[in-house]
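Examining the three-dimensional arrangement
This is what each chain is made of:
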Amino acid sequence: MVQVQALIKDRELLSYPCPDGFRIFLCCHADIMKLNPPVGKSIMNAGQKPVEATARAIIHVDMDAFYAAVECLDNPELKDQPVIVGGLGPRGVVATANYAARVFGVHSAMPMGRARRLCPQAQYIRPRMSRYREISALIFSVFRNFTPTVEGLSLDEAFLDVTSSLKLFGGLEEIGLQVKQEILRKTGLTASVGIAHNKFLAKLASDAQKPDGLVYVRPGEVHRFLDPMPVSRLWGIGKRTAPKLTALGILTIGQLRRCDASILRPVFGKRTEHFQNLARGEDDREVQPSRPDKSISHEVTFDTDLADRRELLAELLRQSEKVSRRLRAQELMASTVVVKIRDAGFHTVTRSRSMRACSNSTRTLYRMARALFESWREKHKTTPVRLIGMGVTGLEQESGDGKAAGDRLDSSTEKSLDKVLDRINQRYGDAKIVHGLALRRSKEDH
Ligand code: DCP
Ligand code: MG
């Protein structure tokens, strides 16, 4: 056996079995979380050609019945009942249904009318996007505790490349389990986790035992895992291609894998090899870390135009609370506050101001938003407002070395108050506790 060592600094060694029989030792130290990308993609083997350390460790996480699960979390009396979240108007569609409602055949993207016929006894709920985004930020903060290489696919779903974190967290299955446990502890929600050496297999694995699943597809188990699945599980085989394969007698991934390429060429053309690679469970795409948010904002269009200064300020405070909570959940701070106002005549203005230091405190951001609003209002005292919004830009990590690390605008009392309010809101649901002024008007944002 050949051993290849790649010593990056000092600290711990990661041992890596390779398909060709080599054992490669990769190095990992306590600050590994900050290392990006993962160590040693190509490692020289004593003067021979490079040995590709392609064995990645990929985890795919997907929350179970996400919107519906959040609704049940915030209203425990809904637990065990069928819950359907989606548009409630005449043209509404189902965003998601919990597992109790899926038993009746209800699924995402189904017209709401059909869902009501299939499951009239369900609880029907309009989506609360701001709440889902808030929980999503918490989930993603859990992911980033395990690796910096996180590729978000939607609010409830991400790939994690944990190749560099294996030793630190005690192995692949152990990380998968810890991710699930941490999500449950931080949010009260269950996630399904798929583990494999590439993205394609990890994604199928997370779906294989939903809800609350944990499936690890080991390299030697790929065919056993994939072969019985219908060809439609392969990315890119949809309603148009599947019938053509059926006509050739190819129904499963295993049949596609074993089929002679010349038979498949009339269906796939130049993509034949690509689909046979997928059928063998091969996929070399890397996890592409998502770029963090560049801005965060909330806005509201009023049912009837509003000119009352205090009511408008109350709305701004509510929005400042939401925006700052999202910042804190992602451990971000902002340097610039933006206020947007649209009057009854559809005339829209945006005003922004940069602060001398970054902040994520509700009070600081609200004070800045209020000053921007008041400067607009000086010349528009009686103008009815149709829409008001506030947002922040110039975001940076709270622990970074930019503006946020210097002089902070937020006093320790403000920080403690925000922390307490965040905890209460996390525990008891969206906006269960708000600053006094914000109670003047309480509307769902969009
Ligand atoms: N969603 C939506 N419209 C769709 C599909 C999904 O609005 N057609 C929303 C609602 C879901 C969320 O996105 O809760 C996440 O989508 P998923 O496909 O992950 O579905 P769920 O999380 O609801 O269920 P599952 O347990 O199958 O992942
Ligand atoms: Mg999901």
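Our structure's up above, just so we're on the same page.
For every chain, the first residue of its written sequence is number 1, and the numbers climb from 1 along that sequence. As a convention, the first chain written is A and the first ligand written is 1, with the rest following in written order. A pLDDT threshold of at least 70 governs which residues receive local features in this predicted model, and a stricter bar of 80 or more applies before side-chain atom pairs are shown or counted, although totals over entire chains, interfaces and linings include all residues.

**A short note on the overall build of the chain**
Scanning the chain from N- to C-terminus turns up 15 helices and 17 strands. Looking at the chain as a whole, 36% of its 446 residues are labelled buried. We call two residues in contact when their backbone-placed C-beta atoms lie within 7 Å. The contacts in the chain between residues at least 6 apart in sequence include a share of 62% that link residues at least 24 apart. A run of H or I in DSSP counts as a helix once it spans at least four residues, and a run of E counts as a strand once it spans at least two, with each numbered from the N terminus. Every C-beta atom is placed from the backbone, and the number of other C-beta atoms within 10 Å of a residue's own sets its class: buried at 20 or more, exposed at 12 or fewer, partly exposed in between.

**Quick look at the sheet that holds strand β11 (residues 157-161)**
Pairing between two strands requires that DSSP report at least two bridges joining them. With mixed pairing, the five strands of this open sheet are ordered in space as β10-β11-β6-β12-β13. Either end of the sheet is taken by a strand with one partner, and the two such strands are β10 (150-154) and β13 (214-216). Mean inter-strand twist for the sheet, computed between neighbouring axes without regard to direction, equals 15°. Bridging between strand β6 (residues 58-63) and β11 involves five bridges; their strand directions are antiparallel. Across the sheet, residue Ile58 finds its bridge partner in β11, namely Asp161. The sheet contacts of helix α6 (residues 172-187) involve β6, β12 (191-196) and β13, and relative to β12 the element is tilted by about 165°. Its contacts with the sheet place helix α7 (residues 199-208) against β6, β11, β12 and β13, and it is angled at close to 145° to β12. Note on definitions: angles span 0 to 180 degrees between N-to-C directions of axes, and those axes are lines fitted to C-alpha atoms, for helices only across the stretch in contact.

**What about the sheet that holds strand β9 (residues 123-125)?**
Spatial strand order, β8-β7-β9: three strands in an open sheet with mixed pairing. Looking at strand neighbours, the two that pair on one side only are β8 (94-97) and β9, the edges of this open sheet. For this sheet the average axis-to-axis angle between neighbouring strands, irrespective of direction, equals 25°. Looking at chain direction, strand β7 (residues 83-86) and β8 are connected through three bridges and run antiparallel. For Ile84, the partnering residue across the bridge sits in β8 and is Ala97.

**Things to note about helix α1 (residues 66-74)**
A large share of α1 lies buried, amounting to seven of its nine residues. Inspection of α1 places Phe66, Tyr67, Ala68, Ala69, Val70, Glu71 and Cys72 among the buried residues, and these make up the whole buried set.

**Things to note about the packing of helix α13 (residues 309-329) against helix α14 (residues 362-377)**
At a minimum axis separation of 9 Å, α13 and α14 run at an interaxial angle of 145°. Crossing angle aside, the handedness with which α13 passes α14 is right-handed. Contact residues: Arg309, Leu312, Leu313, Leu316, Leu317, Ser320, Glu321, Val323 and Ser324 in α13; Thr362, Leu365, Tyr366, Ala369, Arg370, Phe373 and Arg377 in α14. Of the residues belonging to the contact of α13 with α14, the class tally is nine nonpolar, three polar and four charged. Each crossing gets its hand from how the near helix is turned against the far one by less than a right angle, where anticlockwise is left-handed and clockwise is right-handed. Amino acids are sorted into nonpolar (Ala, Val, Leu, Ile, Met, Phe, Trp, Tyr, Cys and Pro), charged (Asp, Glu, Lys and Arg) and polar (every other residue, Gly among them).

Everything listed is a geometric property; what it means functionally is a separate question.
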